[in-house]
Amino acid sequence: LFCSMLTLQFQPAVLDAGAEKKRSTQLQLASIRAEGARVVFTSLEQNVTAVMSWLRYHVEERTMELSGGVTPATGRPNPVRIYQNSSMLTAPYVMAIHDLNNQIQTIECRGPGRIEPSDSPSAPARSEEENTFNATWTESLAIRQSPNHSIILQGNATISQTNGAN
């Protein structure tokens, strides 16, 4: 995680002693907030890099919020850019919900966005046989991993796939 300002929010730990819950004098992490002109989050395990203006992670809820913020002069939202393998997802706001094993279960993107080949110079080159997946939407995108895998696009949605071998 790279950012110009990092805020860690703590709360008293709750001890579960049988039927009654008691507050401890120990603290536990409640949330993480990273802010700056350029915030970069990298997950080697997921092979993901995200670039944005702010990131919030809520520990108990296991949710991560990413926002590109807005350009002050125009009021226009800036996109979050998420790079994975040779693809890039852009949207003004992204929320990822994790399960107990810290695996992403749901990704929600709000506002206009797209999935397209990465514009990053460090992205792996696509092989000639590799298919290219592109999608655009104007309202939202939701990707759900379980119980049934699904992708829901709303607002002038388009999807295309090109076969690399043509």
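Structure: see above.
Basis of the calculations
- Residues numbered from 1 in each chain as written.
- Predicted model: local features only at pLDDT ≥ 70, side-chain atom pairs only at ≥ 80, totals over all residues.
- Heavy atoms only, no water.
- Helix = DSSP H or I, 4+ residues; strand = E, 2+ residues; numbered from the N terminus.
- Contact = heavy atoms within 4.5 Å.
- Buried < 20%, exposed > 50% of the residue type's maximum accessible area, 1.4 Å probe, protein only.
- Polar contact = N/O pair within 3.5 Å; in protein donor to acceptor, adjacent residues only side chain to side chain.

**Quick word on the environment of Ser 140**
Thought 1: Structurally, the position occupied by Ser 140 is in strand β11 (residues 140-144).
Thought 2: Distance in space between the C-alpha atoms of Ser 140 and Gly 155 is 7.0 Å, their sequence separation being 15 residues.
Thought 3: Non-local contacts of Ser 140, meaning those with residues more than four positions away in its chain, are made with Cys 109, Gly 111, Ile 152, Leu 153 and Gln 154.

**Here we look at the environment of Arg 114**
Thought 1: Its location among the elements puts Arg 114 in strand β9 (residues 113-117).
Thought 2: Judged by relative accessible area, which is 38%, Arg 114 ranks as partly exposed.
Thought 3: It is 9.3 Å that separates the C-alpha atoms of Arg 114 and Thr 158, two residues lying 44 residues apart in sequence.
Thought 4: Residues in contact with Arg 114, not counting those within four places in the same chain, are Met 88, Leu 89, Thr 90, Ala 135, Thr 136 and Trp 137.

**Overview of the side chain of Glu 65**
Thought 1: Counting through the fold element by element, Glu 65 comes out in strand β4 (residues 63-67).
Thought 2: The class of Glu 65 is buried, set by a relative accessible area of 13%.
Thought 3: Only 2.5 Å separates the side chain of Glu 65 from the side chain of Tyr 93, close enough to count as a polar contact.
Thought 4: Not counting residues up to four positions away in its chain, the partners in contact with Glu 65 are Trp 54, Leu 55, Arg 56, His 58, Tyr 93, Val 94 and Met 95.

**Some thoughts on unusual backbone geometry**
Thought 1: Positive phi, close to 55 degrees, is recorded for Arg 62, a residue that is not glycine.
Thought 2: Residue placement: Arg 62 occurs in the loop between β3 (48-58) and β4.
Thought 3: Judged by relative accessible area, which is 26%, Arg 62 ranks as partly exposed.
Thought 4: For Asn 102, which is not a glycine, the phi torsion comes out positive at approximately 65 degrees.

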